[in-house]
Amino acid sequence: MTSPPPENVVTRWLDPRRWFHRVVPPMAGNEPASIDSPAAPPPETFWWRNVAAAGTLVVAGLVLAGRLTWLQVVEREEFGKRAVRQSVVEEETVPRPGDIHDRAGRLLATSVQTSSLYIVPSRIRERWTVAGQLADALELNRDSLYERIASHRHFLWVKRRLSDEELKRVQALELPAEIWGLRAEYQRVYPLGSLAAHVLGLRDVDGIGHGGVEQQFQEHLRGTPGKRRLVRDSRGRVIELDSTLEARARDGRPIQLTLDAVVQQIVEIQLDAVMSAWQPEGCSAIALDPATGQVLAMASRPAYDPNNPAAAPLGGWKNRAISAIHEPGSTIKPLIVAHALHQDAIRRDESFNCEYGQYRMGRRVLHDHHAYGRLSLVDVLVKSSNIGMAKIGERMTNAGLYEATVAFGFGRPTGIELPGELPGILRPLDKWNGYSTGSIPMGHELAMTPLQLIVGHAALANHGVWQQPRLVLPTGSSAEDRSVQQRVVSSEIADWIVQEPMTEVVRRGTGTRAKLSDRVVFGKTGTAQALTPEGSYRSDRYVSSFLGGSPPENPRLLVLVVVDQAAEGSEQFGGKVAAPAVAAILKQSLDYLDGGSAGVLTDRPEKSSRR
Amino acid sequence: MTTTLDWERNAFLSCACLLAGLGLLMVHSASMTSWPSEYERVYVTRHAVYLGLGILGATAAARISPNRWRSLAPWLYVLTWLLLLAVLVPGIGTKVNGAQRWLRWGQFSFQPSELAKLALPLYLAMLSIPRDETIGRATRSPWLVLPIAFLAPLILVEPDLGTTLFVCAGGALTLWVVGWPLRHFLTFSAVLFPAVAAMLVLKPYQRERLMDFARMWSDWSEAPYQLKQSLVTLGAGGVFGVGLGKGSQKLSFLPESNTDFVVAVIGEELGLVGTLGLLGLWGALYIAGLRLLAKLPFGSFRYVAGFVLLTQLVGQAFVNVAVVTGMVPTKGIPHPLVSYGGSNLVVNLLSLGVFWSLARPTDNTTWNSSGFVPSAVVEPARSA
């Protein structure tokens, strides 16, 4: 063999031959006899094969060590996150939404706890059988339920907010406990049905408010969802509850509205009567207390039942009181006259030549419904003379008319606590022309929501001070209780307009149908041609309105009814269509408010409980 | 009498014991489930019983002389072959998940294909190397491929592709070490590769598995569920691990956490320290084993069989780690000595015992509690 290497520990270890063959002299009896034979190669010829095999193994071991280091050091971050992500779930716990009350504390919207049924598809062995049983119990489609079970793993809502009968039927199935469960959820309930539906809005399955107060006070009403961390295994079973990171859900707070459910009911009954009598496309009504700007009732037709929103009729979602705009027509006239007096453009004792029904302004000829000669200022309003108003307009000039419309809040939202309020249309002064001088005083060339119109009139009824309408009852302490106020005309002018011309309108003018036997009513009629969606006039349809209040000396209630595009009857004058409804509302509401239960308005509660 | 063999022997035995002990510990930890059950106790008890059986078997195997092993080799081979045949007979073999691999007696089951890992190398080495000769005079007939060809199809049809490949690799390694001509290797590769390729094309489930594996390299989140969980489990451990018993992946996310993927659990609980330590133990065992072999006449039956059994054992450990780290697509290869597993653990311990017997300093020494003791022939004094 080869000469033995030097007896050095290091070289001994490094010599590969020592790994596979002992270099020390062979043991007795094991001398390789084969070396003598030329046919047999010496076994050392095959050393390299052992070196190759063992070397491959060693290299493989080093590669694996590298791979492990890569996975456990370099990629540790990502894998670690993944391990947490697949086992830790953050679950939201639902807060109970706050109740909504009317001004007397009557419940308008509340939440009840219901059970929602979920299943864990991955634990279901006989999907088709389970799907069939559940579908029968809950009246669902068997095939689509099966599809849903097949396409989910850990969690599937079968049906949310079960009724009591459904719950009983499901429990009677006696399904294996690990495949199903019930989770408590809150269902919004509106105990008074469709009453004030447009004001209240809706709260959906997930606790989100849509429309109305429910949307406007979402944060306040909804509360704060809680959170908890669950550690679960691959089959979705909860192993551990991480209580250190648990945040309790905070329930929503209640809210008290200025609405009075009784007045609201009175108003809605009248609107329904108008709907069936005249078959209009829609109508709306608002009742408010002019002294405080608090809205006692607001209703719109067509309406829907918030307990069954799926059955809502076409257009039923729209709250016409704040989102339908139309030209006010004659109803605006008292406001123009009041501001003309305020601007000293006219005097109370003046009279106007009404030209016997025909008056040319530039290239335009104005007409009155009846021919009048000279009319006093009061009679211009009582007879609702367009020519008389046009002459007042000429006195005020466009700038004065513009000032008047702005002063009464037209062209901008009133700021009521509801989503979706429209600002109406008030064109900038530089777009006005000679036509405007005649059109604006009779309520054309500008458009507004019913709410804007009644809030403008409330300024007169409130002795000349315009104030922001409100829907949430003031608590008596916070800064937000002070509403925006603005004096528009002197109380002397305002009171005169209400007590003289507007009272005369009902006594002997266009609004006689609003007369009440036991109460003095003031008011103003209005009729304007309806607008097409393109903005031009429709000759066959009218928007009729009547605004009335009582008593004239110190108005406690102001009511506006607007009827949109009445389809029946030849003359849709506001006096004919809307005035009787307003009269009925005023009578019943004031009787109720004067009666025992109605101390609510006279001695206003500092704080009406609940909070 | 203290010889220079002492440290290698001690190191070899220490590594084997450490690996088996780590296995017992990790099987206990990895058998925990997310829901209270008695599985952890059931598994660890069975594992301990198998471990005991295996140690008894290894001790007995170590006491048998190398020459006796040489003469037993054909009988062992025939026994294995018959058992493999028996597995395939309906009513005798037990079918689990569509694969017929087990023989079962009551509580205990046995997988004959594991025995093939021991029988085949011994038989091939015995066939090629004449008694009292070395590979210098070895038979290099192409017919040496027949023992492999008789055995492999029986495992393949169970079906168990992973074990088939592993047994074939063991046979090929034996032929390689005895100096089988390279041209034979080339010839049989030329025959086998098309056959394997054809099988992959014909068996959609194997092909799908390969495709999944290939996809994983571009985006690991595309990996098959089990492999993905294995990588996540390893990675979550980091350098020092989350602590023994504290791993969460084994509770439910990682399938086969106490058998084929027990190394992933080691990775999560003991970290890189644990996994590299495991590789280190195997490395140390291999080096100690090679040092023991180096004292034997090069190319003798004892040398060749010992080398193949040792390399095969360490190789299985590495293949398992490669599977767990997503480098090799095969499945069904447990980690020797560490994974829970009845017959695999027993056969692996048995082959350690056989190695211990083959690695005796001379043919005529026997083993007792104080070491190798020459029974008939005294080793000639080296100083002379």
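Residues numbered from 1 in each chain as written. Chains lettered and ligands numbered in written order. Predicted model: local features only at pLDDT ≥ 70, side-chain atom pairs only at ≥ 80, totals over all residues. Heavy atoms only, no water.

1. A few points about the overall build of chain A
Link 1 in the chain: Secondary structure summary: chain A contains 22 helices and 25 strands in total.
Link 2 in the chain: Residues classed as buried in chain A amount to 52% of the 611 residues present.
Link 3 in the chain: Residue pairs at least 24 apart in sequence account for 70% of intrachain contacts in chain A once pairs closer than 6 positions are excluded.
Link 4 in the chain: On chain A, roughly 27,600 Å² of surface is accessible, and the fraction owed to carbon and sulfur atoms is 51%. (Helix = DSSP H or I, 4+ residues; strand = E, 2+ residues; numbered from the N terminus. Buried < 20%, exposed > 50% of the residue type's maximum accessible area, 1.4 Å probe, protein only. Contact = heavy atoms within 4.5 Å. Areas by Shrake-Rupley, 256 points an atom, 1.4 Å probe, with all protein chains shown as cover.)

2. Considering the overall build of chain B
Link 1 in the chain: Helix and strand counts for chain B stand at 12 helices and five strands.
Link 2 in the chain: Looking at chain B as a whole, 55% of its 384 residues qualify as buried.
Link 3 in the chain: Expressed as a percentage of contacts within chain B between residues at least 6 apart in sequence, the contacts between residues at least 24 apart total 72%.
Link 4 in the chain: Carbon and sulfur atoms provide 68% of the accessible area of chain B, an area that totals close to 15,800 Å².

3. Observations regarding the sheet that holds strand β24 (residues 537-550) of chain A
All names here are of chain A.
Link 1 in the chain: The strand order across the open sheet built from five strands is β14-β13-β25-β24-β23, with neighbouring strands paired in antiparallel fashion. Either end of the sheet is taken by a strand with one partner, and the two such strands are β14 (294-301) and β23 (522-531). Pairs of neighbouring strands in the sheet enclose a mean axial angle of 10°, with direction left out of account.
Link 2 in the chain: This element, helix α17 (residues 450-461), spans β13 (282-289), β14, β24 and β25 (557-564) of the sheet and lies at about 150° to β25. (Pairing = 2+ DSSP bridges. Axes fitted to C-alpha atoms, helices over the stretch in contact; angles between N-to-C directions.)

4. Examining the pattern of salt bridges
Oppositely charged side chains are able to pair whenever their charged atoms sit close together.
Residue and element names in this part refer to chain A.
Link 1 in the chain: As enumerated under the stated definition, the model contains 29 salt bridges over all chains in all.
Link 2 in the chain: The shortest N-O distance in the salt bridge between glutamate 214 and arginine 188 comes to 2.8 Å. One end of the pair, glutamate 214, is in helix α9 (residues 212-216); the other, arginine 188, is in strand β5 (residues 180-189), with 26 residues separating them in the sequence.
Link 3 in the chain: Using a relative accessible area of 7% as the deciding quantity, one classes arginine 188 as buried.
Link 4 in the chain: A salt bridge links arginine 301 to glutamate 268, with the nearest nitrogen and oxygen atoms 3.0 Å apart. Taken together, the positions of arginine 301 in strand β14 and glutamate 268 in helix α11 (residues 261-278) put the pair 33 residues apart, joining distant regions of the chain.
Link 5 in the chain: What makes glutamate 268 buried here is its relative accessible area of 6%.
Link 6 in the chain: Salt bridges here are not isolated pairs; linked through shared partners, they connect Asp518, Arg519, Arg556, Lys587, Asp591 and Asp594. (Salt bridge = Lys/Arg side-chain N within 4 Å of Asp/Glu carboxyl O.)

5. Regarding the packing of helix α18 (residues 491-499) of chain A against helix α19 (residues 501-508) of chain A
Residue and element names in this part refer to chain A.
Link 1 in the chain: As a packed pair, α18 and α19 sit with axes 3 Å apart at the nearest point and diverge in direction by 5°. It follows from the interaxial angle that α18 and α19 lie roughly parallel. Contacts between α18 and α19 involve Trp496, Ile497, Val498 and Gln499 from the former and Pro501, Met502 and Thr503 from the latter.
Link 2 in the chain: Residue classes in the contact of α18 with α19 are distributed as five nonpolar, two polar and no charged. (Parallel < 35°, antiparallel > 145°, perpendicular 65-115°, else oblique. Nonpolar A, V, L, I, M, F, W, Y, C, P; charged D, E, K, R; others polar.)

6. As for helix α3 (residues 47-74) of chain A
Link 1 in the chain: With 28 residues, α3 of chain A ought to run about 40 Å at 1.5 Å a step, and its terminal C-alpha atoms sit 39 Å apart, in line with that.
Link 2 in the chain: Three or more residues of α3 of chain A are buried, namely Trp47, Arg49, Asn50, Ala53, Ala54, Leu57, Gly61, Leu64, Arg67, Leu68, Leu71 and Gln72 of chain A. (Expected span 1.5 Å × (residues − 1).)

7. Focus: the packing of aromatic side chains
Residue and element names in this part refer to chain B.
Link 1 in the chain: Scanning the entire structure with this criterion turns up 17 aromatic pairs over all chains.
Link 2 in the chain: Ring centres of phenylalanine 12 and phenylalanine 355 lie 5.1 Å apart, and the angle between their planes is 20°; on these two criteria the pair is classed as stacked. With phenylalanine 12 in helix α1 (residues 6-30) and phenylalanine 355 in helix α12 (residues 342-358), this residue pair connects regions lying 343 residues apart in the sequence.
Link 3 in the chain: The class for phenylalanine 12 is buried, based on a relative accessible area of 2%.
Link 4 in the chain: Pairing phenylalanine 12 with tryptophan 356 gives two aromatic rings, centres 5.7 Å apart and planes at 20°, and the pair type is stacked. (Phe/Tyr/Trp six-rings, centres within 6.5 Å; stacked < 30°, edge-to-face > 60°.)

8. A closer look at the interface of chain A and chain B
Link 1 in the chain: Listed as interface residues are 51 residues of chain A and, on the opposing side, 64 residues of chain B.
Link 2 in the chain: Between chain A and chain B lies a buried interface of about 5,000 Å² when both sides are counted; carbon and sulfur atoms form 67% of it.
Link 3 in the chain: Counting every contact that joins chain A to chain B gives zero salt bridges.
Link 4 in the chain: Connecting chain A to chain B are seven residue pairs in polar contact (both at pLDDT 80 or more).
Link 5 in the chain: The set of elements that each furnish at least two residues to the side of chain A that touches chain B consists of α1 (9-14), α2 (17-20), α3, α4 (76-87) and β10 (238-247) of chain A.
Link 6 in the chain: Looking at the side of chain A that touches chain B, the element that brings in the most residues is α3 of chain A, giving 19 residues.
Link 7 in the chain: Residues of the side of chain A that touches chain B, tallied by class, amount to 26 nonpolar, 12 polar and 13 charged. (Buried area = accessible area lost by both parts, 1.4 Å probe. Polar contact = N/O pair within 3.5 Å; in protein donor to acceptor, adjacent residues only side chain to side chain.)

9. With respect to a nonpolar patch on the surface
Link 1 in the chain: Where nonpolar side chains cluster on the molecular surface, the patch consists of Trp70, Val73 and Val74 of chain A together with Val239, Phe240 and Val273 of chain B and spans about 570 Å² of accessible area.
Link 2 in the chain: Here the element with the most residues in the nonpolar patch is α3 of chain A; it accounts for three residues.
Link 3 in the chain: With respect to the helices and strands, the residue tryptophan 70 of chain A is situated in helix α3.
Link 4 in the chain: For tryptophan 70 of chain A, a relative accessible area of 41% gives the class partly exposed. (Patch = residues over 30% accessible without salt bridge, like charges linked within 9 Å, V, L, I, M, F, W, Y side chains within 5 Å.)

10. A look at the confidence of the model for chain B
Residue and element names in this part refer to chain B.
Link 1 in the chain: Looking at chain B, pLDDT values average 86 and 92% of them are 70 or higher.
Link 2 in the chain: Across residues 375-384, confidence stays below pLDDT 50; counting only partners more than four residues off in sequence or on other chains, it has seven contacts.
Link 3 in the chain: Taken together, the chains of this predicted complex give a pTM of 0.60 and an interface ipTM of 0.90. (pLDDT = per-residue confidence, 0-100.)

11. Thoughts on the sheet that holds strand β1 (residues 93-96) of chain B
For sheets, the rule is that strands pair by backbone hydrogen bonds, running either parallel or antiparallel.
Residues and elements named next belong to chain B.
Link 1 in the chain: Within the open sheet, the three strands sit side by side as β1-β2-β3. Their pairing is antiparallel. Here the strands that pair on one side only, and so sit at the sheet edges, are β1 and β3 (108-110). Direction aside, neighbouring strands of the sheet carry axes that sit 50° apart on average.
Link 2 in the chain: In this structure, β1 lies alongside strand β2 (residues 99-105), joined through four bridges in antiparallel fashion.

12. Remarks on the confidence of the model for chain A
Residue and element names in this part refer to chain A.
Link 1 in the chain: Per-residue pLDDT for chain A averages 84, and the proportion of residues at 70 or more is 87%.
Link 2 in the chain: In the model, residues 20-38 has pLDDT below 50 throughout and makes 30 contacts with residues more than four positions away in sequence or in other chains.
Link 3 in the chain: In the predicted structure, residues 598-611 sits below a pLDDT of 50 and forms 30 contacts with residues beyond four places in sequence or in another chain.

13. What about unusual backbone geometry?
Link 1 in the chain: Here the bond from serine 550 of chain A into proline 551 of chain A is cis, since omega is -15°, no more than 30 degrees from zero.
Link 2 in the chain: With respect to the helices and strands, the residue proline 551 of chain A is situated in the loop between β24 and β25.
Link 3 in the chain: Glutamate 158 of chain B connects to proline 159 of chain B through a cis peptide bond whose omega is 0°.
Link 4 in the chain: Structurally, the position occupied by proline 159 of chain B is in the loop between α5 (146-156) and α6 (161-177).
Link 5 in the chain: In this structure, aspartate 132 of chain B takes a positive phi of about 60° despite not being glycine.
Link 6 in the chain: Here aspartate 132 of chain B is to be found in the loop between α4 (112-128) and α5.
Link 7 in the chain: Overall, aspartate 132 of chain B belongs to the exposed group, its relative accessible area being 64%.
Link 8 in the chain: Positive phi, normally seen in glycine, also occurs at glutamate 256 of chain B, with a value near 55°.
Link 9 in the chain: Mapped onto the elements of the fold, glutamate 256 of chain B is located in the loop between α9 (225-237) and α10 (262-294).

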